[in-house]
Amino acid sequence: MQPKLIIHGGAGSSLHGKGGVEAVRKSLYSVLEEVYSLLLSGTSAKEAVIRGCQLLEDDPRFNSGTGSVLQSDGQIRMSASLMDGASQCFSGVINVSRVKNPIDLAQFLQSSPDRVLSDSGSAELARELQVPTYDALTDLRLQEWIQERQGNFQKAMAGVVAEPELAEAGSAGRGTIGVVALDTQGRLAAGTSTGGKGFERIGRVSDSAMPAGNYATRNAAVSCTGIGEDIIDECLAAKIVIRVTDGMSLEDAMRRSFIEAEQNKRDLGAIALDVTGAIAWGKTSEVILVAYHDGEKMADTLELPFGMEVGVI
Ligand code: ASP
């Protein structure tokens, strides 16, 4: 079977500035190239998703791993999950600090009887696995936090992707990351990793480590991005996957789910694959940073018009 791969670097407010778009495209395409060649050489969808998430977590441009945004108290707490469609097994960590790749903890938990751990449990697991302590803070994130925090302690959240000013300054492209893969054996997997929405209350739980934000079966796999509360209220990833598993086409499942999300005034996006090899993405947010490899070429959604859109390839 021809492998398929789709990845995202978040959704949110506007992304202006050519320098910004080109830089984001370069980052996303280099991940696609590496991970797609793994899939071609027979790597499983699950392993490919883990590698894709690691690469995106390591890219400071995106809001996950290195470059995660700061919460209301100025701390970084990251969440990540992995779902293997072949075994229909979900695992994840919630609000973990001081590790480089939260997806690695989610990977370890795939074969554990306790598969989703919160903050103290994740810290304990990182210690047990002797994961080196890592500071995910970047100068840019610290400056953004200080700047946005100044004289405004009521601010509800940071711009999830890129404020126009930042984009014009050439530093566009913050956002949660996600990877969905279909391997040569026809197996699907999805992974999602985030630093959260920024400025959130301590203890706030992101959709990224819930089936609402990351879900897969043997039939379809989805990773979401956007406002976590909106994604949870729509139960978006699980809803799309279950619609496809129950017999709806991926295109119909995406269109129906995004019409519902739009009607409910949600701010979100998703990437999806099904077992037939269909590739899809959708957004109600202004932009979504998506790129995919269909076996012949790479393409992206970086220059789409604002507003609700669903694309199926
Ligand atoms: N969904 C993430 C959250 O709310 C944020 C994002 O996707 O950018 O935690």
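Cut-offs and rules
- Residues numbered from 1 in each chain as written.
- Predicted model: local features only at pLDDT ≥ 70, side-chain atom pairs only at ≥ 80, totals over all residues.
- Heavy atoms only, no water.
- 1 Å grid on protein atoms, 1.4 Å probe; cavity = no way out; pocket = protein on both sides within 12 Å on 5 of 7 lines; lining within 4 Å.
- Points joined across faces, edges and corners; volume = space filled by probe spheres on them.
- Nonpolar A, V, L, I, M, F, W, Y, C, P; charged D, E, K, R; others polar.
- Pairing = 2+ DSSP bridges.
- Helix = DSSP H or I, 4+ residues; strand = E, 2+ residues; numbered from the N terminus.
- Contact = heavy atoms within 4.5 Å.
- Axes fitted to C-alpha atoms, helices over the stretch in contact; angles between N-to-C directions.
- Buried < 20%, exposed > 50% of the residue type's maximum accessible area, 1.4 Å probe, protein only.
- Parallel < 35°, antiparallel > 145°, perpendicular 65-115°, else oblique.
- Core = buried A, V, L, I, M, F, W, Y, C linked by side-chain atoms within 4.5 Å.

A. Quick peek at the layout of surface pockets. Quantified by volume, the largest pocket comes out at close to 190 Å³. Taken together, Leu70, Gly74, Gln75, Ile76, Ser97, Arg98, Tyr134, Asp135, Ala136, Leu137 and Leu142 make up the lining of the largest pocket. Residue composition of the lining of the largest pocket, by class: six nonpolar, three polar and two charged.

B. How the structure looks around the sheet that holds strand S2 (residues 78-84). Strand order across the open sheet formed by eight strands is S4-S3-S2-S6-S5-S1-S11-S12, with mixed pairing between neighbours. Across the chains shown, the open sheet's two edge strands, defined by having one partner strand only, are strand S4 (116-117) and strand S12 (298-300). Alignment of S2 against strand S3 (residues 89-96), held across six bridges, turns out to be antiparallel. The residue bridging Ser81 from the neighbouring strand is Gly92, located in S3. Along the sheet, helix H2 (residues 45-58) makes contact with strand S1 (4-12), S2, strand S5 (177-182) and strand S6 (188-194), crossing S5 at roughly 155°. Across the sheet, helix H4 (residues 119-128) touches S3 and S4, and the angle it forms with S3 is around 100°.

C. The arrangement of the sheet that holds strand S7 (residues 214-216) in detail. Taken in spatial order, the five strands of this open sheet run S7-S8-S9-S10-S13, and their pairing is antiparallel. With one partner strand each, in any of the chains shown, S7 and strand S13 (309-312) form the two edges of the open sheet. Strand-to-strand twist in this sheet, taken as the mean axis angle between neighbours without regard to direction, amounts to 10°. Here three bridges tie S7 to strand S8 (residues 220-226), and the two strands are oriented antiparallel to one another.

D. How the structure looks around the pairing of S8. Most of S8 is tucked away: seven of the seven residues are buried. Residues Ala220, Val222, Cys224 and Gly226 of S8 are buried on one face, and the alternating residues Ala221, Ser223 and Thr225, pointing to the opposite face, are buried as well. Between S7 and S8, which pair antiparallel and follow one another directly, the connecting turn spans three residues. Note that S8 and strand S9 (residues 268-274) share seven bridges and pair antiparallel. Bridged to Ala221 within S9 is Leu273.

E. View of the pairing of S9. When you tally the buried positions in S9, you get seven out of seven residues, the bulk of the element. Side chains of S9 alternate between two faces, with Leu268, Ala270, Ala272 and Asp274 and Gly269, Ile271 and Leu273 buried alike. Sheet analysis places S9 next to strand S10 (residues 279-283), joined by five bridges and oriented antiparallel. Each residue of the ladder has a partner; that of Ala272, found in S10, is Ala280. As consecutive antiparallel partners, S9 and S10 are separated by four residues, and within that stretch Gly277 has a phi angle of approximately 100°, a positive value.

F. Geometry of the packing of H2 against helix H3 (residues 102-109). Orientation of H2 relative to H3, taken along the N-to-C sense of each, is 160°, at an axis distance of 8 Å. The angle between H2 and H3 places the two elements in the roughly antiparallel class. Between H2 and H3, the contacting residues are Glu47, Ile50, Cys53, Gln54 and Glu57 on the first element and Pro102, Ile103, Asp104 and Gln107 on the second. Within the contact of H2 with H3, the residues separate by chemical class into four nonpolar, two polar and three charged.

G. Region of interest: the nonpolar core. Residues Leu5, Ile7, Leu28 and Leu56 are the most contacted members of the largest nonpolar core, which totals 44 residues. Per element, the largest residue contribution to this core is nine residues, and it comes from helix H1 (residues 18-40). Ignoring anything within four residues of it in the chain, the contact list for Leu56 reads Ile7, His8, Leu28, Val31, Phe62, Ser64, Ile177, Gly178 and Val179. Within the second largest apolar cluster, 40 residues are counted, among which are Leu250, Met254, Val290 and Tyr292.

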